[in-house]
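Listed below, chain by chain, are the residues.
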Amino acid sequence: MLFRVVKQQIDTISRFNLNDKSWLENESTFTSVPLEIVLNELENHFNINIETKDVNTNLLYSGGFTHKDINIALQSITVPLQLSYKIENKTVIIYNYGK
Amino acid sequence: MANKKLLLLPFLFVFLFGFSQEKIKKIPLQDFLQETEKKIDVKFSFSVVDVAEIYISKPKNANSIAEIIDYLNRETNLQFTKIDNRFITVSKLNKVISICGKVLDFINEEPLSLASIKVNNSDKGITTDQNGRFSIPEIFASDEIIVSYLGYKPLKIDALDFKQKENCKIIYLEEQSFSLNEIVIRRLFTSGLQKNSDGSVTLNTEEFGILPGQIQPDILQTIKVLPGVESVDETVSNINVRGGTNDQNLIIWDGIKMYHYGHFFGLISAYNPYLTNKVSVVKNGTSSEFSDGVSSTILMETKNDLENEIVGGAGFDLLSADFFVRTPITNKLSVHFSARRSFTDYLNTPTYTNYFERSFQDNTVVSNEVNETETDFFFYDYSFKLLYNLNENQSFRANFINIKNNLDYKETYQENNNTIVENSNLTQENVGGSFFWNANWSDHFSSEASFFYSNYIINSSDFNRNSNQLLRRKNEVLESGFTLKTGYKITNNFQLNTGFDFNEIGVANQTSVNAPEFFVSDKKVLIKNALFTEAEFNNQKTYARIGLRANYFYKFDLFLFEPRVNIRQKMSRNFYTKLEAELKHQSIAQQIDFEDNFLGVEKRRWVLSDENNVPIIQSKQVSFGVEYALNNFQIDITGFYKKVENITVSNQGFYNNVQNLNAVGSYTSKGIELIANQKINNFSAWLSYTFAENDYDFDVFTPSVFPNNLDICHSLNSAINYNFNDQFKISLGSVLRTGKPFTKPVEGNETLQINNRTIVNYDSPNQERLPNFFRLDASVSYNFLFSKNIKGTFRAGITNMLNRKNTINSYYVVDENDDDNTLRINNTSLPFTPNVSFRVDF
């Protein structure tokens with residue numbers, strides 16, 4: 001059993017899956033994780049600063065992002081949550097789609 | 001039958017079982033995605049809320065990732081997009097779906113073609129095809145579709161709502177009447193007869209079933225089945241609503257006020273029922289938009305939609321042949337045309353003979369002792385309509401109608417050993433036109449500007465060849481009017497209608513003789529202006545329309561204020577009450593002449609009010625009713641009280657000694673009307689009963705209060721209809737009512753000498769009563785398809801199956817052989833009269 005603490009709560013949902021090859025493929029995966037955590041991971045991996053505009057960062061996200069391409073990574077997070085992004089140097093701005 | 005049902009049971013079980021099996025197979029989408037991730041080297045990214053609660057069945061033939069994505073895109077409302085070899089995004093965003101639908105009219109479920117389908121906030125859009133269908137292959141799931149059609153309430157539908165399996169979504173559009181008046185009973189008596197929230201009854205000819213004795217949906221014959229609507233002499237030119245004379249009905253055809261509406265001098269309606277789409281009858285609580293017609297308002301409307309393919313039909317019965325065609329010219333322009341002509345001047349059928357005798361009994365045409373006669377009678381009517389839609393919000397309509405009856409009569413007889421030849425001719429004609437401009441300026445505001453023109457002429461000439469004497473009479477009405485009205489919807493339940501009305505009527509009466517030269521002509525013109533306003537409210541529980549009309553007559557410097565009230569309240573699930581009240585007036589009325597005016601065929605002339613001898617007729621009426629409806633059973637009971645003032649003796653026409661007096665009086669009609677209607681599968685039965693009392697009050701008579709000419713105490717209409725299947729229908733019905741009053745001469749002193757003339761010495765009017773009227777009618781209808789789009793209909797009807805001799809009127813003449821004696825003349829109703837019709841519609 002793997003534990004993680006999300007927002008002061010112990011979460012046991014995610015199990016370590018031997019078939020999950022994500023750790024081999026240079027990527028991060030999540031199951032039912034708030035967007036905030038996902039974005040933190042993204043900041044660490046690509047060494048960027050992420051700003052959000054009127055975005056609900058409590059939305060639960062399942063999936064993952066690649067470590068190879070920042071655009072593909074950003075798309076796989078923003079598209080499901082109906083968000084858009086802009087890259088300005090080392091800063092990424094995430095906002096609601098269509099705004 | 002029972003066996004068949006038992007056989008069906010196992011199938012039903014199999015079906016239900018199969019259906020529940022289908023349900024069990026579905027799994028949460030999230031599980032399916034995880035499974036796929038395990039099988040194929042992919043990763044789905046999604047928002048947890050989007051995927052939750054979605055269940056799918058596993059794809060059967062999808063193995064590759066491309067196939068799976070395809071399958072998921074089809075089955076779900078989510079967009080699956082492969083962003084690289086491994087990552088697949090799952091999003092509501094940019095979800096592309098294909099949609100299809102079918103647009104139908106809410107009431108008659110007819111497809112609406114050329115309806116506009118627009119994607120909101122984009123320039124994407126298409127129109128429906130001739131079957132009302134449309135499809136858009138690629139559209140975002142988040143899009144909103146706007147379905148609109150001229151004259152209908154537009155609908156906004158989320159694209160996702162289209163996502164139904166296999167079948168295209170059916171969209172019903174409701175006609176935007178800018179009126180809150182709705183249909184409350186969809187099927188009264190027979191299909192196509194509907195009742196509205198304001199108590200008015202609408203006849204939709206296209207959906208119309210059959211009524212006993214009728215071989216076509218004869219518009220004016222049909223409304224006589226309604227309680228409170230009588231015709232004491234069986235003709236459509238004499239419709240008596242709640243005890244009022246015929247001239248107290250306001251009859252409007254596509255905005256044109258009509259003065260002549262029956263062929264055969266009244267036996268059949270002059271309007272092509274296949275082009276007339278809707279007929280509404282209002283007995284009380286009229287909208288303030290309408291003036292005149294103190295007893296009723298009968299509104300006829302032809303089809304008002306553009307066509308996208310040619311629609312037409314042709315038919316004949318034993319009197320006439322007719323055809324109609326509705327055709328598109330361009331996308332925005334359509335033309336409707338209809339014509340009917342009798343072939344009575346070429347061919348005598350039994351129907352014609354009966355109708356002829358009924359129409360022309362006891363007048364100069366058939367009563368003379370004639371050696372040789374030649375009659376030539378024909379009627380025709382045609383109408384024309386142009387429909388142009390400028391855009392979705394503005395439309396123009398132009399209408400034209402012409403109705404004509406012509407009778408030529410030649411008689412040769414012997415008088416003092418001389419052969420005398422007389423040629424007579426009678427024509428009755430109404431020509432009319434109207435123009436409408438309708439505009440919706442916003443969702444809340446609409447306007448209508450309209451103009452109409454109507455010209456009625458009846459002409460008779462009586463030519464005596466031997467003496468070379470020609471007597472001509474003419475009665476002409478020329479009316480035109482302009483109306484501007486606006487509707488402002490304050491909320492969805494509440495709206496204000498306001499308008500202005502300008503109206504001019506001219507009436508001419510002429511009599512001329514060539515030798516000795518004699519000419520009398522009388523021509524009057526009356527101009528009337530009116531402002532009207534009303535508030536209309538409808539929230540499913542309460543319908544209320546409260547209005548006021550202010551009329552002004554320049555000539556008399558007279559204002560008439562007329563409040564109009566119409567309220568219907570839901571008391572419980574199946575129970576309603578209603579209240580109607582109105583004040584109305586009319587400035588034109590018919591005068592009945594007993595001289596052989598117009599050859600004695602049509603004895604009525606239109607005359608205009610002069611506020612002198614002929615005052616403006618004014619009415620007040622109130623009615624209260626209850627309605628109960630449960631499934632297929634309906635019952636409706638209404639009590640009414642109506643008082644009409646300023647009627648004249650010559651307007652009513654009495655057989656009495658003072659019949660030429662211009663005495664002014666009133667009548668009061670009160671009664672109870674009942675409708676009961678029950679439908680069980682293919683069988684329906686209805687009953688309409690009126691109990692009424694109708695008395696005049698004329699000071700010049702003793703007693704001053706006496707029964708109205710049209711006082712029918714009990715009147716019962718009933719019918720049963722049975723549909724064997726969609727093709728074959730029969731209808732059987734009866735009319736039973738009290739006989740109308742009539743006047744006898746003074747017993748023992750039957751005649752009177754006045755200036756060398758002997759006349760009948762009538763007693764107090766309407767003290768006697770004719771025997772009860774009873775008639776049994778039946779009709780059958782059979783329709784079949786020649787081909788996919790061509791339909792044939794055969795109908796046969798019999799009026800007065802029992803060939804009962806009903807006396808509908810009695811009066812007296814001085815016996816030519818004995819001046820002291822009188823003879824009673826009885827007018828009888830139609831004898832056993834069969835008629836058949838056959839028509840083809842495409």
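Calculation rules
Residues numbered from 1 in each chain as written. Chains lettered and ligands numbered in written order. Predicted model: local features only at pLDDT ≥ 70, side-chain atom pairs only at ≥ 80, totals over all residues. Pairing = 2+ DSSP bridges. Helix = DSSP H or I, 4+ residues; strand = E, 2+ residues; numbered from the N terminus. Axes fitted to C-alpha atoms, helices over the stretch in contact; angles between N-to-C directions. Contact = placed C-beta atoms within 7 Å. Nonpolar A, V, L, I, M, F, W, Y, C, P; charged D, E, K, R; others polar. Expected span 1.5 Å × (residues − 1). Buried ≥ 20, exposed ≤ 12 C-beta atoms within 10 Å, placed from the backbone. Arc of directions from axis to C-beta. Domains from an automatic or database assignment.

*Asks:* Please give an account of the sheet that holds strand β3 (residues 27-34) of chain A that cites residues and values.
*Replies:* Here we have 5 strands laid out as an open sheet, ordered β3(A)-β5(A)-β2(B)-β5(B)-β4(B), and mixed in their pairing. Each edge of the open sheet carries a strand with a single partner, namely β3 of chain A together with β4 (79-82) of chain B. Each adjacent strand pair in this sheet contributes to an overall mean axis angle of 20 degrees, direction not counted. As defined by bridge partners, strand β5 (residues 60-66) of chain A adjoins strand β2 (residues 43-47) of chain B across 2 bridges and the pair is classed as antiparallel. In the sheet register, Tyr 61 of chain A faces β2 of chain B, and the bridge partner there is Ser 47 of chain B. In the packing of helix α2 (residues 70-78) of chain A onto the sheet, the strands contacted are β5 of chain A together with β2 and β5 (87-91) of chain B, and the crossing angle to β5 of chain A comes to about 165 degrees. Contacting β4 and β5 of chain B, helix α4 (residues 65-75) of chain B crosses the sheet at an angle of about 160 degrees to β4 of chain B.

*Asks:* Tell me about the interface of chain A and chain B, and name the residues and values.
*Replies:* Between chain A and chain B, the residue contacts involve 19 residues of the former and 17 residues of the latter. Looking at the side of chain A that touches chain B, the elements with two or more residues in it are β3, β5 and α2 of chain A. Across the side of chain A that touches chain B, the residue classes tally to 9 nonpolar, 10 polar and no charged.

*Asks:* Tell me what's going on with the sheet that holds strand β6 (residues 96-105) of chain B, and back it up with residues and numbers.
*Replies:* Residue and element names in this part refer to chain B. Spatially, β9-β6-β12 is the arrangement adopted by the 3 strands of the open sheet, whose pairing is mixed. One side of each edge strand has no neighbouring strand; the edge strands of this open sheet are β9 (133-140) and β12 (169-173). Taking each pair of neighbouring strands and ignoring which way they run, the sheet shows an average axis angle of 35 degrees. Strand direction decides the pairing type here: β6 and β9, joined by 6 bridges, are antiparallel. Bridging from a neighbouring strand, Val 96 pairs with Phe 140 of β9.

*Asks:* Run through helix α1 (residues 35-46) of chain A, naming residues and quoting values.
*Replies:* Residue and element names in this part refer to chain A. Along its 12 residues, α1 runs 16 Å from first to last C-alpha, staying within 8% of the 16 Å computed at 1.5 Å per residue. Buried within α1 are the following residues: Leu 35, Val 38, Leu 39 and Leu 42. Each buried residue of α1 sits inside an arc of 95 degrees when the element is viewed along its axis, so together they form one side. Check the buried side of α1 and you find it contacts β3, β4 (49-53), β5 and α2. Of the residues one or two after α1, Asn 47 is the one with positive phi, at around 55 degrees.

*Asks:* Tell me what's going on with the domain arrangement of chain B, and back it up with residues and numbers.
*Replies:* All names here are of chain B. Domain annotation for chain B reports domain 1 (25-91), domain 2 (97-173), domain 3 (186-298) and domain 4 (299-841). The C-alpha centroid of domain 4 is placed 8 Å from the C-alpha centroid of domain 3. Across the boundary between the two partners, domain 3 contributes 66 residues, which contact 115 residues of domain 4. The set of elements that each furnish at least two residues to the side of domain 3 that touches domain 4 consists of β13 (183-188), β18 (249-253), β19 (256-257), β22 (276-282) and β23 (296-302). It is β22 that provides the largest number of residues to the side of domain 3 that touches domain 4, a total of 5 residues.

*Asks:* Give a detailed account of α4 of chain B, specifying residues and quantitative values.
*Replies:* Residues and elements named next belong to chain B. Inspection of α4 places Ile 68, Ile 69 and Leu 72 among the buried residues, and these make up the whole buried set. The arc that holds every buried residue of α4, seen down its axis, measures 100 degrees, which confines them to one face. Along α4, the residues that are exposed and aim more than 90 degrees away from the buried face are Ala 66, Glu 67 and Arg 74. Looking at the buried side of α4, the elements it contacts are α2 (29-39), β4 and β5.

*Asks:* I'd like to hear about unusual backbone geometry, residue by residue, with values.
*Replies:* With an omega dihedral of -10 degrees, the bond running from Thr 702 of chain B to Pro 703 of chain B counts as a cis peptide bond. Looking at the element boundaries, Pro 703 of chain B is found in the loop between β42 (683-697) and β43 (705-707). Residue Gln 82 of chain A is not a glycine yet carries a positive backbone phi of 55 degrees. Mapping Gln 82 of chain A onto the fold places it in the loop between α2 and β6 (83-88). Owing to 18 C-beta atoms within 10 Å, Gln 82 of chain A belongs among the partly exposed residues under this scheme. Backbone geometry places Asn 800 of chain B, a non-glycine residue, at a positive phi of 60 degrees.

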